[in-house]
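# An overview of the molecular structure
These are the residues of each chain, in order.
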Amino acid sequence: MDDRHLISRVQAGDASAERELYDTHVERVYRLVYRLAGDADQAQDYTQETFIRAFGRLGEFRGEAALGTWICSIAVSVALNGLRRGKRLRTREVALDEAATAATPDRAAEPDLRDRLARAIDALPEGYRVVFLMHDVEGYTHEEIGRTLGVQTGTSKAQLSRARARLRRALADFARG
Amino acid sequence: MTGDDDEPLDPELRDAARAYHEPPEVPRETLWTRIQLRRAAEPSAAPGDSPGTRVAARSPRFLVWGAGIAALLALGVGIGRLSVHVRPPLRADATPVAAAPARDDAAYRLAAAEHLGQAEAFLTLFRASVREGHRERLAPAAARQLLATNRLLLDSPAATDPRLRFLLQDLELVLAEIAQLAPERRHEDLKLITDGLDRDGMLVRLRAAVPAGTGAVLRKGVL
């Protein structure tokens, strides 16, 4: 269905159109915010907030991008803001935890590839991480990423390239076998 | 993936990357219920970076129940106003106004429909939350508010409809159980309540009793 038609039905108070809009986009939104957050509760919170904002701001949608892209841009914004706040809180907590466990040796001598890669992805700068997850993990195109994040396609490509380079370096010993 | 002229990751790394924060199945109904509750409770909230939104992002689950409670309070106040409005003066010589009963019945039916819609949304969220293993410490408070509204409706002309009265009476039992959840027996009680919900078909009965579009009416702030 045409985005404009669906939006006008939602704005006219058609409850089935609201549900249709939600059903069409919830999977993509939830997957994306889950990839960013890695936590079911947070992913639900961010998805909920995304749709609250999307329904509240439908009048601002100009149709310059697809509706799904516009909703995903809200989702990324909500998730990154939430994660930044959480990170600030955790930083304070970790400082206390580290003081308490300073003498504890490393728990795993040789973590497997997935663990190492997960840590390397976590360590990527935010912009690299988002582009990498959207492109290489969730399958978005650079054009979609550019419109979602409000950056040039070339920027998306450059960030992906740098993200991959960092991950290769972090896992070089695995690559060498 | 299109437009990618950089060398892709090795297949082994790419597969491992796909396992990073791999999403589970989307909890569609739970999320939809949460969204509906929030929107019903905050009809005019502009969801920007307001302080309220920031609080919501920090403790959304708390806010869901809180928002539910706020909506129910508003509904309770609405029903209270209707009760005051329609109560006839206690005068022996008073003559009934012919047009009033029909208008009041319609108002009570609307209040009952909105209450049942709220109860259905609450119980759906409650059941989904219990199944996902959340400890809903705020659910008893929301249930108490619904219970108060439920009792107002049971004492109102809305309860003259026998089907509605039976539904409200059954709903009262469920809400009373949730309202009285004891922290030390919470796990067993939660299971008994959710099993009871399924066994008695309460949610199906509530959905059947709620006319389509009630949520939209509530969002527009009829009461």
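Predicted, not measured: the structure shown is a model, and the values here were computed from it.

## Comments concerning the confidence of the model for chain A
Per-residue pLDDT for chain A averages 87, and the proportion of residues at 70 or more is 84%. Across residues 99-110 of chain A, where pLDDT falls below 50, the model places two contacts with residues more than four positions away in sequence or in other chains.

## Describing the pattern of salt bridges
Taken as a whole, this structure holds 20 salt bridges over all chains when the rule is applied. Two residues, aspartate 173 of chain A and arginine 116 of chain A, come together in a salt bridge whose shortest N-O distance is 2.8 Å. Of this pair, aspartate 173 of chain A sits in helix H9 (residues 172-176) while arginine 116 of chain A is found in helix H5 (residues 113-123), placing the two residues 57 residues apart along the sequence. For aspartate 173 of chain A, a relative accessible area of 36% puts it in the partly exposed group. Between aspartate 170 of chain B and arginine 205 of chain B there is a salt bridge, with its nearest N and O atoms 2.9 Å apart. Placement of the pair is aspartate 170 of chain B in helix H7 (residues 162-179) and arginine 205 of chain B in helix H9 (residues 202-209), with a sequence separation of 35 residues. Three or more residues are tied together by salt bridges with common partners; here these are Arg19, Asp23 and Glu27 of chain A together with Arg28 and Glu29 of chain B.

## With respect to helix H3 (residues 40-56) of chain A
Residue and element names in this part refer to chain A. Look at H3: 24 Å from first C-alpha to last across 17 residues, which is about the 24 Å you get at 1.5 Å a residue. Here H3 lies mainly inside the structure; 13 of its 17 residues are buried. A side-chain oxygen of the first residue of H3 lies 3.1 Å from the backbone nitrogen of aspartate 41; this N-cap is aspartate 39.

## Description of the packing of aromatic side chains
Residue and element names in this part refer to chain A. Applying the stated criterion across every chain yields a total of seven aromatic pairs over all chains. Aromatic side chains phenylalanine 51 and phenylalanine 55 sit 6.4 Å apart centroid to centroid with 45 degrees between the ring planes, which places their arrangement in the tilted category. A residue pair is termed a helical-turn pair when its members lie 3 or 4 positions apart in one helix, as phenylalanine 51 and phenylalanine 55 do in helix H3 at four residues. Accessibility expressed as a relative area gives 8% for phenylalanine 55, which makes it buried.

Conventions used here
Residues numbered from 1 in each chain as written. Chains lettered and ligands numbered in written order. Predicted model: local features only at pLDDT ≥ 70, side-chain atom pairs only at ≥ 80, totals over all residues. Heavy atoms only, no water. pLDDT = per-residue confidence, 0-100. Contact = heavy atoms within 4.5 Å. Salt bridge = Lys/Arg side-chain N within 4 Å of Asp/Glu carboxyl O. Helix = DSSP H or I, 4+ residues; strand = E, 2+ residues; numbered from the N terminus. Buried < 20%, exposed > 50% of the residue type's maximum accessible area, 1.4 Å probe, protein only. Expected span 1.5 Å × (residues − 1). Polar contact = N/O pair within 3.5 Å; in protein donor to acceptor, adjacent residues only side chain to side chain. Phe/Tyr/Trp six-rings, centres within 6.5 Å; stacked < 30°, edge-to-face > 60°.

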